[in-house]
Amino acid sequence: MIKLNRTNKPVELTIELQDKLTEEFLKTGKSVWHLDFLKKALLDLSHNKCCFCETNISEESKYLEVEHFHHKDKYKKEVLVWENLLPCCKKCNGTKKDHDTKIEPIIDPSKIDPKKHLRYWRYRIKGIDDIGKLTISVLNLNDQERLVKKRFEIGNAILEKLEQLNELIDDYINGIQTKTLRKNKIVNGTKALIKEGLPNSIYSGTTAAIILTEPEFETLKSKLISIDLWDSELINLNEELIKNGLELYK
Ligand SMILES: [Zn+2]
């Protein structure tokens, strides 16, 4: 989970439309929020990912559920309040069910920075306070099959990539390969890897944490610095990575 910036309410969602559809929901219980412009605006808000688990939900919006942070059965008048809407995957939506977020608050990533309450430890997410712990429990953020396994696979792929990059840079430093082509492969490969941990990528909060806690990344970074290849773009990307990633649980 990463912090999301609440975008402006879509212009199509006028007060009149909001009132009309809310009224309709109150009378009929119909899912009045199934509106294409609303789904598009929600996907833009979350970089096409589930706001909780960061899985991809963009594919023709077929995996997207409009999540009512405060549940629609209890807080009926908020069914079309823009600030109450989030993009969510079917799994997280189903797991959260009718949890009452007003009585027992969990993290709304469009309002609260998850980094302040959650930490990363060995492919798992840990809560460091009540809201963090409750969020993990209500959303089952350490679902073994669906999430922990995925993080492990990502971690393994990252390590493999880092090992390759470190081998390439060793050859470059030892003068075995000094061509521009090799140099670019190392620098661009490092940039591409860091981008996996930035908001546009799936599971970016944990991916960033995995990269930052992997000793092979520190090794690669120091080698790049030592031969002046840690350029301004890499400095910026690394800063964004630190900003995005969950800190290590201690
Ligand atoms: Zn999800």
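Each remark here, short or long, concerns the structure printed above.
Residues numbered from 1 in each chain as written. Predicted model: local features only at pLDDT ≥ 70, side-chain atom pairs only at ≥ 80, totals over all residues. Heavy atoms only, no water.

Novice: Mind showing me how you'd approach the pattern of salt bridges here?
Specialist: Once their charged atoms are close, side chains differing in charge can pair, the charge on each being opposite to the other. Summed over the entire model, instances satisfying the criterion amount to 15 salt bridges. Here Lys102 and Glu78 are joined by a salt bridge, their closest N and O atoms 2.6 Å apart. Pair noted here: Lys102 is in the loop between α3 (90-96) and β3 (118-121) and Glu78 is in the loop between β1 (64-68) and β2 (85-89), with a separation of 24 residues, a long-range link. The partly exposed category is assigned to Lys102, whose relative accessible area is 41%. (Salt bridge = Lys/Arg side-chain N within 4 Å of Asp/Glu carboxyl O. Helix = DSSP H or I, 4+ residues; strand = E, 2+ residues; numbered from the N terminus. Buried < 20%, exposed > 50% of the residue type's maximum accessible area, 1.4 Å probe, protein only.)

Novice: For this particular structure, what's the right way to read the packing of helix α5 (residues 144-173) against helix α6 (residues 180-195)?
Specialist: In a pair of packed helices, the angle between the axes and the distance between the axes together describe the arrangement. Running from amino to carboxyl end, α5 crosses α6 at an angle of 155 degrees, the nearest separation of the two axes being 10 Å. Considered as vectors, α5 and α6 are oriented roughly antiparallel to each other. You can see that α5 and α6 cross each other, and the crossing is left-handed. Contact residues: Ile158, Lys161, Leu162, Leu165, Leu168, Ile169, Asp171 and Tyr172 in α5; Arg182, Lys183, Lys185, Ile186, Gly189, Thr190 and Leu193 in α6. Looking at the contact of α5 with α6 residue by residue, the classes come out as eight nonpolar, two polar and five charged. (Axes fitted to C-alpha atoms, helices over the stretch in contact; angles between N-to-C directions. Parallel < 35°, antiparallel > 145°, perpendicular 65-115°, else oblique. Left-handed = near helix turned anticlockwise from the far one by under 90°. Contact = heavy atoms within 4.5 Å. Nonpolar A, V, L, I, M, F, W, Y, C, P; charged D, E, K, R; others polar.)

Novice: Just checking my understanding: could you explain the side chain of Asp108 for this structure?
Specialist: Structurally, Asp108 is set in the loop between α3 and β3. When its relative accessible area of 3% is taken as the criterion, Asp108 is described as buried.

Novice: How should I be thinking about unusual backbone geometry in this particular structure?
Specialist: Phi is positive for Glu54, close to 65 degrees, though the residue is something other than glycine. Among the secondary structure elements, Glu54 is positioned in the loop between α2 (36-45) and β1. Backbone geometry places Tyr123, a non-glycine residue, at a positive phi of 65 degrees. Along the chain, the position of Tyr123 falls in the loop between β3 and β4 (124-127). Classification of Tyr123 by relative accessible area gives partly exposed; the value is 25%.

Novice: Please explain a nonpolar patch on the surface as it appears in this structure.
Specialist: Taken together, the side chains of Trp121, Ile128, Leu248 and Tyr249 present a nonpolar region at the surface, about 320 Å² in accessible area. One can find Trp121 in strand β3. (Patch = residues over 30% accessible without salt bridge, like charges linked within 9 Å, V, L, I, M, F, W, Y side chains within 5 Å. Areas by Shrake-Rupley, 256 points an atom, 1.4 Å probe, with all protein chains shown as cover.)

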